Amino acid sequence: MADTVENQTLSRLGQMRREAQLARDVVKAATGGPAAKAKLALSFGKKVSEHWLILATAVFFDILGLIPFVNIVFNAIFGMILFLYFGPKSKPGSGFLQSEFVKIVLPVGGLSIFDFFLDIVPTCTGAALIRIALS
């Protein structure tokens, strides 16, 4: 039991360190020049590693989506899960391009159309990566 509490504490400490580093990077980018802003924007690998759970779920739903004619249903279910994972983060006064419709519904819908005809397109993984990139 002590190991479990200790592991949870270490996990929280690691998360706090990552958040503090990200905050330092944001401050450095805000006060720095274009190179610092570009470095922060290009850290897509960090974004992907933070959302590994939703990517694992996407791969699972892509495997389930290999079943013909049922893939649209699995894609829609994953779209709902993706919306719940990221939540409605649109701010009042933000434009249409910043809405969750553009960030989630259009990628899932568009990729589902291709998936219906090709039946091998990793729709859920693609939609999750698009949503992570837009965050």
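Residues numbered from 1 in each chain as written. Predicted model: local features only at pLDDT ≥ 70, side-chain atom pairs only at ≥ 80, totals over all residues. Heavy atoms only, no water.

Before going further, it helps to spend a moment on the nonpolar core. Counting residues in each nonpolar core, the largest one holds 14 residues, and the members touching the most others are Phe78, Leu82 and Ala128. Mapped onto this core, the elements with two or more residues apiece are helix H4 (52-64), helix H5 (71-86), helix H6 (100-118) and helix H7 (123-134). Those residues within four positions of Ala128 in sequence are excluded, and the remaining contacts are Leu55, Ala58, Phe78 and Leu82. (Core = buried A, V, L, I, M, F, W, Y, C linked by side-chain atoms within 4.5 Å. Buried < 20%, exposed > 50% of the residue type's maximum accessible area, 1.4 Å probe, protein only. Helix = DSSP H or I, 4+ residues; strand = E, 2+ residues; numbered from the N terminus. Contact = heavy atoms within 4.5 Å.)

Right, let's get into the side chain of Thr123. Turning to its location among the elements, Thr123 is positioned in helix H7. At 3.4 Å, the side chain of Thr123 and the backbone oxygen of Leu111 are in polar contact. Excluding residues within four positions of it along the chain, Thr123 makes contact with Asp62, Asn75, Val108, Leu111, Ser112 and Asp115. (Polar contact = N/O pair within 3.5 Å; in protein donor to acceptor, adjacent residues only side chain to side chain.)

Following the sequence through the fold, Asp115 ends up in helix H6. Put simply, Asp115 is tucked away with no salt bridge, and the nearest opposite charge, on Arg131, sits 20 Å away. One polar contact links Asp115 to Thr123, side chain to side chain, over a distance of 3.5 Å. Dropping the residues within four chain positions of it, Asp115 is found in contact with Gly65, Asn71, Asn75, Ile120, Val121 and Thr123. (Lys, Arg positive; Asp, Glu negative; His and termini not counted. Salt bridge = Lys/Arg side-chain N within 4 Å of Asp/Glu carboxyl O.)

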